[in-house]
Amino acid sequence: MMDSSNQMFEQSQNYVPGGVHSPVRSFSGVDSTPRFIKSGKGAYLLDVDGKNYIDFCMSFGPLILGHRDSEVELELKAALERGWSYGACEPYSLELAKYLVDKVPHIDKIRFVNSGTEAVMTALRVARGFTQRSKIIKFNGCYHGHTDSMLIKAGSGLAGTSQATSAGISSLIAEETVVFELNDLDAVSSYMQTSGADVAAIIVEPLPANNGLLVQSDHYLQGLFDLTRKHGALLIFDEVISGFRVNGFGGVAERMNFKPDLVTYGKIIGGGLPVGALAGRGDIMDYLAPVGDVYQAGTLSANPLAMVGGLATLQKLTTNCYQTINRNTKDLLQIFRNWLDNFEGGRFKEFHIVNVDSLFWLTTNPGATRAVDIPGDTAEKFCPLFETLLAKGVYLAPNGYEVGFISLAHDSEVIRELESRLGS
Ligand SMILES: Cc1ncc(COP(=O)(O)O)c(C=O)c1O
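Per-chain numbering applies: the sequence of each chain, read as written, is numbered from 1 onward. At least 70 in pLDDT is required for a residue's local features to be given in this predicted model, at least 80 for side-chain atom pairs to be given and counted, and no such filter applies to totals for whole chains, interfaces and linings, which use all residues.

### Some words on the site of the ligand
In the neighbourhood of the ligand, 15 residues make up the surrounding shell, with Ser115, Gly116, Thr117, Gly145 and Val240 lying closest. Counting from the N terminus, the helices are the DSSP runs of H or I reaching at least four residues and the strands are the DSSP runs of E reaching at least two. If you tally residues by element for the shell around the ligand, the top one is helix α4 (residues 116-131), at three residues. Under the convention adopted here, Pro, Cys and the residues Ala, Val, Leu, Ile, Met, Phe, Trp and Tyr are nonpolar, Asp, Glu, Lys and Arg are charged, and Gly plus all remaining residues are polar. When its residues are assigned to classes, the shell around the ligand shows five nonpolar, eight polar and two charged. Residues are classed as near a molecule or strand if the C-beta position derived from their backbone is within 6 Å of it.

### What about helix α3 (residues 91-103)?
Expected helix span is taken as 1.5 Å per residue step, with the number of steps being one fewer than the number of residues. The terminal C-alpha atoms of α3 lie 18 Å apart, and with 13 residues this matches the ideal 18 Å at 1.5 Å per residue to within 8%. Three exposure classes are used, based on other C-beta atoms lying within 10 Å of a residue's own C-beta, which is placed from the backbone: buried for 20 or more, exposed for 12 or fewer, and partly exposed in between. Buried within α3 are the following residues: Tyr92, Ser93, Leu96, Ala97 and Leu100. Projected down its long axis, α3 carries its buried residues within an arc of 130 degrees, all on one side. Away from the buried face of α3 by more than 90 degrees, exposed residues Pro91, Leu94, Lys98 and Asp102 are located. Here the arc refers to the set of directions running from the helix axis out to each C-beta atom.

### Structural notes on the environment of glycine 42
With respect to the helices and strands, the residue glycine 42 is situated in the loop between β1 (37-41) and β2 (44-47). On the neighbour-count criterion, glycine 42 (21 C-beta atoms within 10 Å) is buried. C-alpha of glycine 42 to C-alpha of leucine 63: the two residues are 21 residues apart in sequence and 9.4 Å apart in space. For glycine 42, the residues in contact, after removing those within four places along its chain, are Gly66, His67 and Ala409. A pair of residues counts as a contact when their C-beta atoms, built from backbone coordinates, are within 7 Å of each other.

### Things to note about the environment of leucine 340
When you line up the elements, leucine 340 lands in helix α11 (residues 319-342). For leucine 340, a count of 19 C-beta atoms within 10 Å gives the class partly exposed. With residues up to four places along the chain from it excluded, the contact list for leucine 340 reads Phe348, Lys349 and Phe351.

### Re the domain arrangement of the chain
Splitting the chain by domain gives domain 1 (4-69 + 318-421) and domain 2 (70-315). Note that domain bounds follow an automatic or database assignment of domains. Each of domain 1 and domain 2 has a C-alpha centre, and the two are 25 Å apart. Listed per partner, the contact involves 25 residues of domain 1 and 29 residues of domain 2. The set of elements that each furnish at least two residues to the side of domain 1 that touches domain 2 consists of α11, β13 (352-356) and β14 (359-363). For the side of domain 1 that touches domain 2, the element with the most residues is β14, which contributes three residues. Considered class by class, the residues forming the side of domain 1 that touches domain 2 number 15 nonpolar, six polar and four charged.

Right, dumping it as structure tokens:
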């Protein structure tokens, strides 16, 4: 007899392409079928069959406080009582914008949109409008959402050629995106030498966390910044994952000795409600309509419910809070480490754990800094690990290339619970 998750997945495929509304949810990356989740609280998920899991995916990042944080829940309930969309100016987005601009040193102005994809799409348009140039440089192994110009990889033929990674993207758009490997300043530098005058922006995840966790050096990021200064291009940091998580509230950008021109946000900025944002230098942001002539709009942009959820989440993220999450992450990862070493005589021993603050990645090549360094058998080796942990009530993101996320709700009780589930 099929369990309820499998029944629902079978049904869902009749109504929805592949049964899912975002591909990674299909569990195709782990040769399995998805659990259907009924509810979440703290660090736990409950599926429709009544099985509970310690959640290390946390909605792929937004839930830094855990599921249904009680203070955020109260604020959201109060917001619901007032109304949930006006299509007009309201005080809630003003409050969130003020909070962020006051607290984050590298942003002068911010605009809220509905997703990380939308933030990136708009940031690229602003960069092109501001510089009057068309080319964008991106890196293999960074994900920037599913706008056409970012679903591009390096072409397999001539150097400098580009190819779409999805059907449905015009080759004309692909040609406007130039793709390099990460951690290779020389390659970018020699391209800029010849073609820098055509480059509107370099976009990078300063901590690439979508294709493994490919930690880049500050020297490399500084080098990218220097190249943009030399050639009159903009530098866009995509901090959709790292923002408000890595290096504390200010994200990677705050750690650097320079300010990126634009930063894109998503995930934590909405605390689990659909919010994205682009932010940065005031003179560049003022290229956006209605003051500037770069068009961008949104019926549900700065949705009041989402603004309240975002603000209530961000206001709780004190320095203390980051210290606690990062400390608990170390304890949790030590339990994983012991388990990987000892489970069934060391069956998963070859996995290493790459960890930055509250992000982690299980991999057989912890030294990887470029997508090409990731072992080709990553998906294959991850499958049994994922299935074994899922059976023990430990929910990882269902793909060996995805990182894990730890929240404030992963506290000492959860640490004990993980220890007991992993039998160590
Ligand atoms: C760095 C980065 N940029 C952009 C996006 C796209 O965000 P969204 O899924 O909200 O469209 C993601 C999503 O995972 C991301 O990690």
